[in-house]
Amino acid sequence: MAEDGPIDDRYPLEEITGGYRQRTKRNVLNADGTVIFYHSAPEGGTEATLAFCIREKKPYKLIDTESVAASTAAGMIREFVQRNAITSLNVAGPRESRCSGMYGFVLEALCLSLSGGGLS
């Protein structure tokens, strides 16, 4: 289930029990590294993701959407992925409903990072 309803069957997902906290931990453990977007300060599930990364000694990159442009974030993501040989990237951060504009920022940053655009 996503915030906006059921996730389409075309996505090969494995449902887990235990709620959001277990899902967050599993996402951290199953990825080679995590990019954590936040606005001003990580809180709630975003803060829990950071704690799991630290506890499990998994690479992570914090990106404050208040402090950098999406193009700069794209360069930060590319550098993080290359430096840590990431093949499976976990992307975390607050929901759009709790942090207006987050979805658009993250989408732009990820698209730019995948296309090679943005600042390094």
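Our structure is the block above this text.
In this text, all values refer to a predicted model and were calculated from it rather than measured experimentally.

### Regarding the packing of helix α3 (residues 70–83) against helix α4 (residues 102–115)
Part 1 of the argument: Put simply, α3 and α4 touch, their axes get as near as 8 Å, and they point 50 degrees apart. In this view, α3 runs oblique relative to α4, as classed from their interaxial angle. Between α3 and α4 the crossing geometry is right-handed. Residues A70, S71, A73, A74, I77 and R78 of α3 form the contact with α4, whose own contacting residues are F105, E108, A109, L110, L112 and S113.
Part 2 of the argument: In terms of residue class, the contact of α3 with α4 is made up of eight nonpolar, two polar and two charged.

### Details of the sheet that holds strand β2 (residues 60–64)
Part 1 of the argument: Here we have three strands laid out as an open sheet, ordered β2-β1-β3, and parallel in their pairing. Of all strands in the sheet, those with a lone pairing partner are β2 and β3 (89–92), marking the two edges. Taking each pair of neighbouring strands and ignoring which way they run, the sheet shows an average axis angle of 15 degrees.
Part 2 of the argument: The strands that α4 touches are β1 (33–38), β2 and β3; relative to β1, the one it contacts most, it runs at about 140 degrees.

### Some words on the packing of helix α1 (residues 19–30) against helix α2 (residues 45–55)
Part 1 of the argument: Put simply, α1 and α2 touch, their axes get as near as 9 Å, and they point 45 degrees apart. Relative to α2, the element α1 lies oblique. Regarding α1 and α2, the two cross each other, and that crossing is right-handed. Taking contact as the criterion, the partners of R21, T24, K25 and V28 in α1 are, on α2, G45, A48, T49, F52 and C53.
Part 2 of the argument: Its residues assigned to classes, the contact of α1 with α2 shows four nonpolar, three polar and two charged.

### Considerations on the packing of aromatic side chains
Part 1 of the argument: Applying the stated criterion to the full structure yields one aromatic pair.
Part 2 of the argument: A centroid spacing of 6.1 Å and a plane angle of 75 degrees characterise the contact between F37 and F105, whose relative ring orientation is edge-to-face. Pair noted here: F37 is in strand β1 and F105 is in helix α4, with a separation of 68 residues, a long-range link. Pair check on accessibility: F37 and F105 agree, each one buried.
Part 3 of the argument: One Lys or Arg, R95, reaches over the ring of Y20 and ends 4.8 Å from the middle of that ring.

### Considerations on the environment of Y38
Part 1 of the argument: Within the secondary structure, Y38 sits in strand β1.
Part 2 of the argument: Overall, Y38 belongs to the buried group, its relative accessible area being 13%.
Part 3 of the argument: A C-alpha to C-alpha distance of 19 Å links Y38 and V81, two positions 43 residues apart in sequence.

### Topic: unusual backbone geometry
Part 1 of the argument: Its identity is not glycine, yet S40 carries a phi of approximately 80 degrees, on the positive side.
Part 2 of the argument: In this structure, A85 takes a positive phi of about 50 degrees despite not being glycine.
Part 3 of the argument: Along the chain, the position of A85 falls in the loop between α3 and β3.

### A few points about the pairing of β3
Along any regular strand, the residues point their side chains to alternate faces of the sheet.
Part 1 of the argument: Side chains N90 and A92 of β3 all project onto a buried face; the interleaved residues L89 and V91 project onto a face where none is buried.
Part 2 of the argument: Sheet topology note: the β1/β3 ladder contains four bridges and is parallel. Within β3, the position partnered with T34 by the bridge is N90.

Calculation criteria
Residues numbered from 1 in each chain as written. Predicted model: local features only at pLDDT ≥ 70, side-chain atom pairs only at ≥ 80, totals over all residues. Heavy atoms only, no water. Axes fitted to C-alpha atoms, helices over the stretch in contact; angles between N-to-C directions. Helix = DSSP H or I, 4+ residues; strand = E, 2+ residues; numbered from the N terminus. Parallel < 35°, antiparallel > 145°, perpendicular 65-115°, else oblique. Left-handed = near helix turned anticlockwise from the far one by under 90°. Contact = heavy atoms within 4.5 Å. Nonpolar A, V, L, I, M, F, W, Y, C, P; charged D, E, K, R; others polar. Pairing = 2+ DSSP bridges. Phe/Tyr/Trp six-rings, centres within 6.5 Å; stacked < 30°, edge-to-face > 60°. Buried < 20%, exposed > 50% of the residue type's maximum accessible area, 1.4 Å probe, protein only. Lys NZ or Arg CZ within 6 Å of the ring centre and 35° of its normal.

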